[in-house]
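Summary of the model geometry
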Amino acid sequence: MLRLFGILFLLLPASLLAQQRFETQSVTIFKTGQAFYHQRIDAQATNRQVDSLFLPKTTPALGTVGFHCFDNKILSYYTYDGEVQQIEQSTRFSGPRQLLAANIGKTITLFLHEAESTSGTIESVHNHGTGGGYQLMLKGQTAYRLISSDQISGFELGERAVERLVSQSTEIKKFLNIRLENPKPNATIELTYLTDKLSWVPQYQAQLMGNQRIQLQLFATILNDRASLENVRLNLAVGQPEFLFSRMNDPLFDRSTVREFLAQLNNGGSRIETSPMMMQNVITSQRASVMTQGSLPTTTNALNEADLYFFNIHNFSLDKGHTAKVRLLELETEYTDVYTCNLNSRNGAGNTFRVNHAIKFRNTSPHPLTTGIIMFHRHDDENGFEPLGQQQLDFIAPGATGQIRLGIATGVIVDQVELVGESIKDEARDRYYRDRTVTFQLTNTKDKPITLRLRRTVNGYLLDSEITPINISDGLADRSTPQNQYYDRSNNYEWVIDLAPGENREVQVEFRTWQ
């Protein structure tokens, strides 16, 4: 039976067909919903010619198709149309109404909610009422009877009933001939092409284990709407290669006219690739392997210079329309709490300033942590499983440090009192300013020490501070030119303050702000 992803085979006698099939060796899946298929065949050749390779049109080859020969060189290949093939597909009915309509004229026994069963021949089925209801006309020996779907508790079809929906389509067979450089009796030919309807989604499970340690597991959720995969090597790519012509069919496989192909070609040059999940990461090319039977990946040598990373899953099988989840890596490492407060917006409880809680940790695994969904939980003997939240983990390279937001820190309270001076004119700059004295009021209600980062943007500059801040953009960088426009830019400051358990603390700063 032909698979929708297009297994290619030689048009040979039945005795040779089994050993002349193109077999899928590997599939490389990107998070954009596109995938590369790599297939191979050990074909028979006559002198320098390999003839009549079957190319079903159910194979969507996007962009450019590549043919290669292991022990020979390909000089040319061409395609031609052959005989017409009828394809029959069988699917299940979507519901009882569709099943009954397909059996008009057949006998049926109906089991009713408030009456005895009744039998007859199905004469018609039509819509009735709302909510998908229908009405069935049943022909008995002497009379017709209308029965609503809400009266029916079940039914039994008679002999020769239609139990599956069968549809037929017509396909023109397309064949491929290949000419080789050297005459040999056999040729190992490889086929590579880009297709769609395959994707993978990275999902993380993170457990906070206590004592400032976190356990992280990366799972790959693989979505297959293209075709069934059987014992292939699956390559899950972390990266963003260019697929400029991924919406254009390769003309060797499928084109209607020269004009239509050229129109596709011209449109392809101006198209911009986008990622629906914004989860494309680019790093130095490496590869990791994982067996579906159990073991976690191990890093091997780099394969190319395309700035990609691959997780390999061996002996992988997945039917069309199915979804699988496979664990790719696991790490346990230390983390530190990060508490951050933006002092430019009062959006916390009780008109205070909201404090965001995040954790920071180092990726101690040899693999990248690709951008994906992460769910936090905690588990202990007393409380069992406790979900803590869900966030997005941004890309963290091997050995690098990353940060994930947990939520709002309700146990850390930040407020401020601000005294504003009168408006004074700066004659040299012909501008007015006000001096402001701000007192930060900080409370740590937690039973452990924390480090709090306070951030504030000022349309001016800092005059004095009890604690030296980090000055990201200093408005005083150039005082030599009175009209320097640098003074019109805002300055960003950050204070790093340690708070003991239960500590209340005030920190005073002074600003000069322009009007």
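Residues numbered from 1 in each chain as written. Predicted model: local features only at pLDDT ≥ 70, side-chain atom pairs only at ≥ 80, totals over all residues. Heavy atoms only, no water.

Focus: the overall build of the protein
Check the secondary structure of the protein and you find three helices and 32 strands. Relative to its full complement of 515 residues, the protein shows a buried share of 42%. The contacts of the protein with a sequence gap of at least 6 include a subset with a gap of at least 24, amounting to 72%. In the structure as shown, the protein presents an accessible area of about 27700 Å², 46% of it carried by carbon and sulfur atoms. (Helix = DSSP H or I, 4+ residues; strand = E, 2+ residues; numbered from the N terminus. Buried < 20%, exposed > 50% of the residue type's maximum accessible area, 1.4 Å probe, protein only. Contact = heavy atoms within 4.5 Å. Areas by Shrake-Rupley, 256 points an atom, 1.4 Å probe, with all protein chains shown as cover.)

Concerning the pattern of salt bridges
Going through the model one piece at a time under the given rule, you end up with 14 salt bridges. A salt bridge links arginine 213 to glutamate 334; the shortest N-O distance between them is 3.9 Å. Of this pair, arginine 213 sits in strand β15 (residues 213-224) while glutamate 334 sits in strand β20 (residues 323-342), and the two are 121 residues apart along the sequence. Taking relative accessible area as the criterion, arginine 213 reaches 27% and is therefore assigned partly exposed. Classification of glutamate 334 by relative accessible area gives exposed; the value is 56%. (Salt bridge = Lys/Arg side-chain N within 4 Å of Asp/Glu carboxyl O.)

Remarks on the pairing of β20
Relative to β20, β15 runs antiparallel, the two sharing eleven bridges. Pairing of arginine 213 across the sheet is with glutamate 334, part of β20. Note that β20 and strand β21 (residues 355-362) share seven bridges and pair antiparallel. In the sheet register, valine 338 faces β21, and the bridge partner there is alanine 358. As defined by bridge partners, β20 adjoins strand β28 (residues 450-458) across four bridges and the pair is classed as parallel. If you follow tyrosine 339 over to β28, its bridge partner there is leucine 452. (Pairing = 2+ DSSP bridges.)

Topic: the side chain of arginine 512
Looking at the element boundaries, arginine 512 is found in strand β32 (residues 504-514). Apart from the residues within four sequence positions on either side, arginine 512 is in contact with Tyr433, Arg434, Asp435, Asn459, Gly460, Tyr461 and Leu463.

Quick look at the side chain of asparagine 235
Within the secondary structure layout, asparagine 235 lies in strand β16 (residues 229-238). Within the local environment of asparagine 235, its side chain forms a polar contact with the side chain of threonine 28, the two groups lying 3.0 Å apart. (Polar contact = N/O pair within 3.5 Å; in protein donor to acceptor, adjacent residues only side chain to side chain.)

So, the nonpolar core
By size, the foremost hydrophobic cluster in this structure holds 56 residues, and its most contacted members are Ile222 and Leu236. The element best represented in this core is β20, accounting for six residues. Leave out the neighbours within four places in its chain, and leucine 236 touches Ile29, Trp200, Ala220, Ile222, Tyr309, Phe310, Phe311, Ile313 and Leu328. Counting residues in each nonpolar core, the second largest holds 27 residues, with Val414, Leu462, Ile467 and Phe511 among its members. (Core = buried A, V, L, I, M, F, W, Y, C linked by side-chain atoms within 4.5 Å.)

Describing the packing of aromatic side chains
Per the counting criterion, the structure on display carries ten aromatic pairs. For the pair phenylalanine 440 and tryptophan 495, a centre-to-centre distance of 5.2 Å together with 70° between the ring planes defines the contact as edge-to-face. Of this pair, phenylalanine 440 sits in strand β27 (residues 431-444) while tryptophan 495 sits in strand β31 (residues 491-499); the two residues are 55 residues apart in sequence, bridging distant segments of the chain. Exposure remark for tryptophan 495: the relative accessible area of 0% places this residue in the buried category. Taking the centre distance of 6.2 Å and the plane angle of 35° together, the rings of tyrosine 493 and tryptophan 495 count as tilted. You can call tyrosine 493 buried: its relative accessible area is 3%. Taken together, Phe440, Tyr493, Trp495 and Phe511 form an aromatic cluster joined through their ring pairs. (Phe/Tyr/Trp six-rings, centres within 6.5 Å; stacked < 30°, edge-to-face > 60°.)

Notes on the pairing of strand β19 (residues 309-318)
Burial analysis of β19 places seven of its ten residues in the buried class, the great majority of the element. Summarising the sheet, β16 and β19 pair through seven bridges and their orientation is antiparallel. Bridged to leucine 236 within β19 is phenylalanine 311.

With respect to the sheet that holds strand β7 (residues 107-112)
Across a sheet, paired strands are connected by hydrogen bonds in the backbone, their directions being either parallel or antiparallel. If you walk across this open sheet you meet the five strands as β10-β9-β8-β7-β11, and the pairing is antiparallel. In this open sheet, the two edge strands, each paired with only one partner strand, are β10 (144-148) and β11 (152-157). Going across the sheet, the axis of each strand differs from the next one's by a mean of 45°, ignoring polarity. By the bridge criterion, four bridges tie β7 to strand β8 (residues 118-127) in an arrangement that is antiparallel. Its bridge partner being in β8, isoleucine 108 is matched across the sheet by glycine 120. (Axes fitted to C-alpha atoms, helices over the stretch in contact; angles between N-to-C directions.)

Quick look at the environment of serine 167
Position of serine 167 relative to the elements: it lies in strand β12 (residues 165-180). Serine 167 sits in the partly exposed class, given a relative accessible area of 39%.

Digging into the environment of alanine 115
Locating alanine 115 in the fold gives a position in the loop between β7 and β8. Overall, alanine 115 belongs to the partly exposed group, its relative accessible area being 43%. Expressed as a C-alpha distance, the spacing of alanine 115 and glutamine 151, which sit 36 residues apart in the sequence, is 8.9 Å.

Observations regarding the confidence of the model for the protein
Across the protein, the average pLDDT comes to 79, with 76% of residues at 70 or higher. Across residues 476-486 the pLDDT falls below 50, and counting only partners more than four positions away or on other chains, this stretch makes 15 contacts in the model. (pLDDT = per-residue confidence, 0-100.)

Digging into unusual backbone geometry
Not every positive phi belongs to a glycine, and asparagine 211 is a case in point at roughly 55°. We classify asparagine 211 as exposed; its relative accessible area is 76%. The phi dihedral of asparagine 231 is positive, around 50°, even though this residue is not glycine. Considering the arrangement of structural elements, one finds asparagine 231 in strand β16.

Brief notes about the environment of glutamine 212
Mapping glutamine 212 onto the fold places it in the loop between β14 (198-210) and β15. Through-space distance from the C-alpha of glutamine 212 to that of tyrosine 335 is 5.5 Å; in sequence the pair is 123 residues apart. Once residues lying within four places of it in the same chain are set aside, the contact partners of glutamine 212 are Thr333, Glu334, Tyr335, Thr336, Asp337 and Lys448.

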